Amino acid sequence: MTVPETSAVRMGTPVGRAVIAAATLGSGMAMLDGTVVNVALRTIGRDLGASLAQLQWITNAYLLTLSSLILLGGSFGDRFGRRRVFVVGVVWFAAASLLCGVAPNPEILIAARALQGIGGALLTPGSLAMIQGAFAPDERAPAIGAWSGLGSIAAAIGPFVGGALVDYANWRWIFLLNLPLAAVTVLIAVRTVPETRDPRASSHFDVVGAVLAAVTLGATTYALIEWGGPGGWVAAFLGVAAGVGFIVAEAHEPEPMLRLEMFRNMTFSASNAMTLLVYGALGALSFFVVIELQTVGGYEALAAGAAFVPMTIIMLFLAPAGGRLGQRIGPRIPMTVGPLVMAVGVLLMLRIGPDVSYVFDVLPAVIVFGLGLALMVAPLTATVLAAAPDEHAGIASGVNNAVARAGALLAVAALPIAVGLHGGEYADPTTFDGAFHEAMVACATLLAAGGVISWFTIRRPDLVDA
C-alpha cells in the first residue's frame, strides 16, 4: 500500500482507517489496563497474599509512570518519529504485560505495572499525534472523534472484561490478553501508518524535568495515601519541593520537556484545567462504582463490569458526532454541557445501594453519563491540539494525557481518605455505602466545575493566537 504524504490522509480511505485502527488499538490497551485491574484486585490479593497497600500500588504504579513520563514520550515522538516511538511503546507494553501475567508475588507485579506505564507513556501520545500529523487539517476533528469513541470503549469495557476473566478464567489473562492485541497493532502501524515528526526537534532530552515530574507525582500520591502519618508529611513536602523545582527547571531549560509558553494560550490552559477536573472525577467514579456494586449491591465481578456496557455503546455511536458538532459550532458549548450532563449522571448514581435495581437505579445514570461524555471528549481533545502549533502535536498530546492520568491518579489516592475510608473498611458494606455517596457528590462537583471553566474560558482555537 502506498503511503500518502504527511497531512494528506483522508477519512474513509484505507490508510485513514489504518491510522485510526492502529492508534485506537494501541491507546486502547493503555486505557484498558488503567481500568481493568479494579475488579480483579481482591482476587489478586488473595492469590498473591498482597496487603492493602500493595493492592493500591498495583493500581497506582501504572498511573504514576504513565502520567509522569508521558510528556517525555511525546517529545520522543516529535524527535524520532511518532509512528516509530508508538511501535516501540506497544512492544514495551506487551513485554511488561507478559511480566505482569507471570508475576509470582506482589513486588514483581508492582514493578511490572510500573514498566507497563513506561510503555504507555511512549505509545499514548504517539497514537493521537499520529492522527494529528497524518490527517489533512479539515479531517482531523472527525478522525479524533472516531479515535475518541473507539478508544473510550477500551476504558468503558475494562471492568466488564476484567470481571469476565476473573469469574471464568484467571486474573493473569487480564495482562496476557495484551500480547495478541499488541501484535496486531504493530503489524498495522508498520505496514500502513505514515511517519511524521517535527523537523525542528532537537536531539536533547530533558532528563532532569522527567525525573522531577516523576518525583512530584510519586511523592504527592504517597502523601495522599498515607495522609496523617509522619511519612505522609515528608512525602508532601518532597512533592511540593519537586513540583516547584520542575517549574523552575522547565523555565530555564533551553529545550524543556514541557514548554511553559504553551500555557500562555488561554484555550490550551483552560482545556487542561478542565481535563484535570473531569478525568479526576472519571477515575474516582470508575474506582468507587465497581466496588459499590460488589460490596454493597452484591454483584459478581462480571455483573459489576457489565453495568457500563451501555456507556460503551453510546460512545461508539455518538463520540464521532460530538467531534463533528464541536467542529461546526465551536468547542465551548460541548465542553460546557458535556461535563454538566455527566454531573447529572453521577448524581443519579446516588440511587445505588443495598437493594439496587440495575434497570431503575444504574442504567439511567450510565446512559446520562455516557451522553455527556460522548458530547465532551472529542471537542476537548481537538481543542487542546488545535491550540498548539502542529510541530508540537506530540507535546500537546502528552500534556493533555499527562493531566488526565494525573487527575485520575490524585483523585483515586485522595478521595477515599477524604470520605473517611481507611484500611480494610472498603470491604464493609455499611461503611463503604456512606463513603460512596459522599464520593459521588464530590465527583459531580468536579464535573460541574469543569463545565463552568469551559463556559468562561474556552474560545475557538482558530480565533486565538496559539
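Computed from a prediction, not measured in an experiment: that's the story for all the values here. (Residues numbered from 1 in each chain as written. Predicted model: local features only at pLDDT ≥ 70, side-chain atom pairs only at ≥ 80, totals over all residues. Heavy atoms only, no water.)

Time to look at the nonpolar core. The biggest cluster of nonpolar side chains holds 107 residues, and the ones touching the most others in it are Phe288, Val289 and Met440. With residues near it in sequence (within four places) discarded, phenylalanine 288 still touches Leu415, Pro416, Val419, Leu421, Phe432, Phe436, Ala439 and Met440. Within the second largest apolar cluster, 22 residues are counted, among which are Ala40, Ile58, Leu109 and Ala112. (Core = buried A, V, L, I, M, F, W, Y, C linked by side-chain atoms within 4.5 Å. Buried < 20%, exposed > 50% of the residue type's maximum accessible area, 1.4 Å probe, protein only. Contact = heavy atoms within 4.5 Å.)

Running from amino to carboxyl end, helix α13 (residues 309-329) crosses helix α15 (residues 358-386) at an angle of 30 degrees, the nearest separation of the two axes being 7 Å. It follows from the interaxial angle that α13 and α15 lie roughly parallel. The chirality of how α13 crosses α15 is right-handed. For the contact of α13 with α15, the class distribution of residues is 19 nonpolar, four polar and no charged. (Axes fitted to C-alpha atoms, helices over the stretch in contact; angles between N-to-C directions. Helix = DSSP H or I, 4+ residues; strand = E, 2+ residues; numbered from the N terminus. Parallel < 35°, antiparallel > 145°, perpendicular 65-115°, else oblique. Left-handed = near helix turned anticlockwise from the far one by under 90°. Nonpolar A, V, L, I, M, F, W, Y, C, P; charged D, E, K, R; others polar.)

Together, Trp92, Leu98, Leu99, Val102, Ile108, Leu115 and Leu179 line one region of the surface with nonpolar side chains, adding up to about 530 Å² of accessible area. For the nonpolar patch, the secondary-structure elements that each account for two or more residues are α4 (82-101) and α5 (106-134). A total of three residues in the nonpolar patch trace back to one element, the largest contributor, which is α4. Here valine 102 lies in the loop between α4 and α5. Using a relative accessible area of 51% as the deciding quantity, one classes valine 102 as exposed. (Patch = residues over 30% accessible without salt bridge, like charges linked within 9 Å, V, L, I, M, F, W, Y side chains within 5 Å. Areas by Shrake-Rupley, 256 points an atom, 1.4 Å probe, with all protein chains shown as cover. Salt bridge = Lys/Arg side-chain N within 4 Å of Asp/Glu carboxyl O.)

We now examine helix α8 (residues 178-192). Taking 1.5 Å of rise per residue, the 15 residues of α8 would be expected to cover 21 Å, and the 21 Å separating its terminal C-alpha atoms lies within 8% of that figure. Here α8 has its buried residues at Asn178, Ala182, Thr185, Ala189 and Thr192. The arc that holds every buried residue of α8, seen down its axis, measures 140 degrees, which confines them to one face. (Expected span 1.5 Å × (residues − 1). Arc of directions from axis to C-beta.)

It is worth spelling out the packing of aromatic side chains at this point. Across all of its chains, the model carries six aromatic pairs by this definition. Seen in terms of ring centroids, tryptophan 171 and phenylalanine 175 are 6.3 Å apart; in terms of plane orientation they differ by 85 degrees. Their pairing is edge-to-face. Given a relative accessible area of 1%, tryptophan 171 falls into the buried group. Taking the relative accessible area as the measure of exposure, phenylalanine 175 reaches 0% and is therefore buried. Three or more aromatic residues link up through ring pairs in this structure, and these residues are Phe287, Phe288 and Phe432. (Phe/Tyr/Trp six-rings, centres within 6.5 Å; stacked < 30°, edge-to-face > 60°.)

Turning to the environment of alanine 223, a few remarks are in order. Looking at the secondary structure, you find alanine 223 in helix α9 (residues 207-225). The class of alanine 223 is buried, set by a relative accessible area of 3%. C-alpha of alanine 223 to C-alpha of tryptophan 233: the two residues are ten residues apart in sequence and 6.5 Å apart in space. With residues near it in sequence (within four places) discarded, alanine 223 still touches Gly232, Ala235 and Ala236.

Moving on, we come to the confidence of the model for the chain. Taken residue by residue, the chain gives an average pLDDT of 83. The fraction at 70 or more is 90%. The weakest mean pLDDT in the chain belongs to helix α6 (residues 140-168) at 74; the strongest belongs to helix α14 (residues 332-348) at 95. This model gives residues 1-6 a pLDDT under 50, and the stretch forms 13 contacts once residues within four places in sequence are excluded. (pLDDT = per-residue confidence, 0-100.)

Okay, helix α10 (residues 230-252) next. Compared with an ideal rise of 1.5 Å per residue, which puts 23 residues at 33 Å, α10 spans 34 Å between its outermost C-alpha atoms and is within 8% of the ideal. Considering only its buried residues, α10 is in contact with α9.

Their axes nearest at 9 Å, the elements α4 and α8 cross at an angle of 165 degrees. In terms of their interaxial angle, α4 and α8 are classed as roughly antiparallel. Like other packed secondary-structure pairs, α4 and α8 cross with a definite hand, here left-handed. Counting all contacts with α4, which are made through Arg83, Phe86, Val87, Val90, Val91, Phe93, Ala94, Ser97 and Leu98, the residues of α8 involved are Asn178, Leu179, Ala182, Thr185, Val186, Ala189 and Val190. Among the residues forming the contact of α4 with α8, the class breakdown is twelve nonpolar, three polar and one charged.

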